[in-house]
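Here is how the chains run, residue by residue.
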Amino acid sequence: MAQPLKDMVDRTVVLELADRFAEVVPQFDRMAFTSEIMEELPVLELKPRIEAIARKIAAGLPVEYRSALEAVVAVSRNEPPVAGFAAWPLCTFVEIFGVEDPEASLAAMEHLTQRASCEFAIRPFLEHHFDAAYATLQRFAEHPEETVRRLPSEGMRPRLPWGRRVQRLIDDPVPGLELLERLRHDPSESVRRSVANHLNDVAKDHPETVIDTVRRWQHEEPAVDGALLRHALRTLIKRGDSRALAVLGYTCDPAVRVVEFSVSPPVVRLGERIELHAELHSTAEVPQRLVVDFVIHHVTSRGDTSPKVFKWTTVELPAAVRVELTKRRLIQHASTRTYFPGLHRVDLQVAGQILATASFQLETAS
């Protein structure tokens, strides 16, 4: 099993930050910083660890915010570059302490986001200082560094995972979409991926707006990257939205007969894999391009179930032809899901339609 992300915010990260701040601020007490924060970390999850480190950094810096911010920016700009989990608390420092000084804080993000994304740090500024934050992001969209160009898209995502909720972004996607217009042809795959994720977020609340945007981008010259469009529409595709299926050239009304759909083994333990097997027979007189997914109805702690759609494959199915499909999936706890024992229903979904159902029994250690 992969190491939990929270465990990567460890003593090594703390020591690196202690050394770097001691270099920039001679009075920074690296030993006190290290010992005090290491007492707090073991019981904290990932984001609380980052926040605790940011607060402890602030405790060792000048009380006056701009002086403290100057030290944080200096650490971000020193060589060799600070990166990864050691850089994240620098952004969080601004998120926690900088909202009352938007001018200095937003300017600092140009440097900080090149070390760790300021996508979380920008959220309170979008909530309390929208015009200033938006003007900053408009400038960043033209920045020569791709990490800075990515922030306008990622920071304004309406439903940014782990991010602070900003209802204005959910209610009105237009300002974010205006930034995406500038970034849709960005040479960086990371930026284009963020554009797709942003559109996917918007689709959850404003599907018609996203369909219209994607249709326009699809037919412009040059056309937008097809991978971006597919990723942007993934939630609508999983829902079986006929407009999204049509935009990507998929069959909206599948003409297939399910010859077989099964899940094995019938009893599974955590850490084991299930194997799905499906046999589909086309009953159409023309070829079909089918999106095939599967839905696991996860048992919750309350004993009811919560469905989750997973991508299986796409199938180019000629007329009157049979096709066999197999898919394996590991049944294991993840950062976003805890498995509970019980009967888990599994649906076969084709073009958003449930065509067959099977199940497996999950056993967990007592």
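Residues numbered from 1 in each chain as written. Predicted model: local features only at pLDDT ≥ 70, side-chain atom pairs only at ≥ 80, totals over all residues. Heavy atoms only, no water.

A. Structural context of the sheet that holds strand S6 (residues 322–330). Strand order across the open sheet formed by 3 strands is S1-S3-S6, with antiparallel pairing between neighbours. Edge positions in the open sheet fall to strand S1 (256–264) and S6, since each of these has one partner strand only. Adjacent strand axes in the sheet meet at a mean angle of 15° when their direction is disregarded. Where S1 meets strand S3 (residues 273–282), 8 bridges bridge the pair, whose relative direction is antiparallel. (Pairing = 2+ DSSP bridges. Helix = DSSP H or I, 4+ residues; strand = E, 2+ residues; numbered from the N terminus. Axes fitted to C-alpha atoms, helices over the stretch in contact; angles between N-to-C directions.)

B. Representation of the pattern of salt bridges. Here the structure, examined in full by the defined rule, presents 27 salt bridges. Note that Lys-6 and Glu-45 form a salt bridge whose closest N and O atoms lie 3.3 Å from each other. Linking Lys-6 in the segment before helix H1 (11–24) with Glu-45 in the loop between helix H2 (30–40) and helix H3 (46–59), this pair joins segments that are 39 residues apart in sequence. Between Glu-279 and Arg-322 there is a salt bridge, with the nearest N and O atoms lying 3.2 Å from each other. One end of the pair, Glu-279, is in strand S3; the other, Arg-322, is in strand S6, with 43 residues separating them in the sequence. (Salt bridge = Lys/Arg side-chain N within 4 Å of Asp/Glu carboxyl O.)

C. Looking closely at unusual backbone geometry. With an omega dihedral of -5°, the bond running from Glu-79 to Pro-80 counts as a cis peptide bond. Mapping Pro-80 onto the fold places it in the loop between helix H4 (65–77) and helix H5 (88–97). The step from Glu-221 to Pro-222 runs through a cis peptide bond, and the omega angle for that step is -5°. Within the secondary structure, Pro-222 sits in the loop between helix H13 (207–218) and helix H14 (226–232). Phi at Trp-162 takes a positive value of approximately 70°, unusual for a residue other than glycine. One can find Trp-162 in the loop between helix H9 (146–155) and helix H10 (167–171). Given the relative accessible area of 48%, Trp-162 is considered partly exposed. Backbone geometry places Ala-351, a non-glycine residue, at a positive phi of 55°. (Buried < 20%, exposed > 50% of the residue type's maximum accessible area, 1.4 Å probe, protein only.)

D. Molecular detail of the side chain of Arg-184. By the secondary structure assignment, Arg-184 is in the loop between helix H11 (174–183) and helix H12 (189–203). At 2.9 Å, the side chain of Arg-184 forms a polar contact with the side chain of Glu-220. In contact with Arg-184, other than residues within four places in its own chain, are Arg-192, Trp-217, Glu-220, Val-224 and Leu-228. (Polar contact = N/O pair within 3.5 Å; in protein donor to acceptor, adjacent residues only side chain to side chain. Contact = heavy atoms within 4.5 Å.)

E. Expanded view of the packing of H4 against H5. With their axes 10 Å apart at the nearest point, H4 and H5 run at an angle of 160° to one another. Accordingly, the angle class assigned to the pair H4 and H5 is roughly antiparallel. When the axes of H4 and H5 are compared, the crossing they make is left-handed. Across the interface between the two elements, Tyr-65, Ala-68, Leu-69, Val-72, Val-75 and Ser-76 of H4 pack against Leu-90, Phe-93, Val-94 and Phe-97 of H5. A class-by-class count of the residues in the contact of H4 with H5 yields 9 nonpolar, 1 polar and no charged. (Parallel < 35°, antiparallel > 145°, perpendicular 65-115°, else oblique. Left-handed = near helix turned anticlockwise from the far one by under 90°. Nonpolar A, V, L, I, M, F, W, Y, C, P; charged D, E, K, R; others polar.)

F. Seen up close, empty space enclosed by the protein. Following the criterion strictly, the structure yields 2 cavities of 30 Å³ or more and no others. In this model, the largest cavity occupies a volume close to 40 Å³. Surrounding the largest cavity, Lys-47, Ile-50, Glu-51, Trp-88, Thr-92, Glu-95 and Phe-120 form its lining. Elements supplying a minimum of two residues to the lining of the largest cavity: H3 and H5. Taken together, the residues of the lining of the largest cavity break down into 3 nonpolar, 1 polar and 3 charged. Quantified by volume, the second largest cavity comes out at close to 30 Å³. (1 Å grid on protein atoms, 1.4 Å probe; cavity = no way out; pocket = protein on both sides within 12 Å on 5 of 7 lines; lining within 4 Å. Points joined across faces, edges and corners; volume = space filled by probe spheres on them.)

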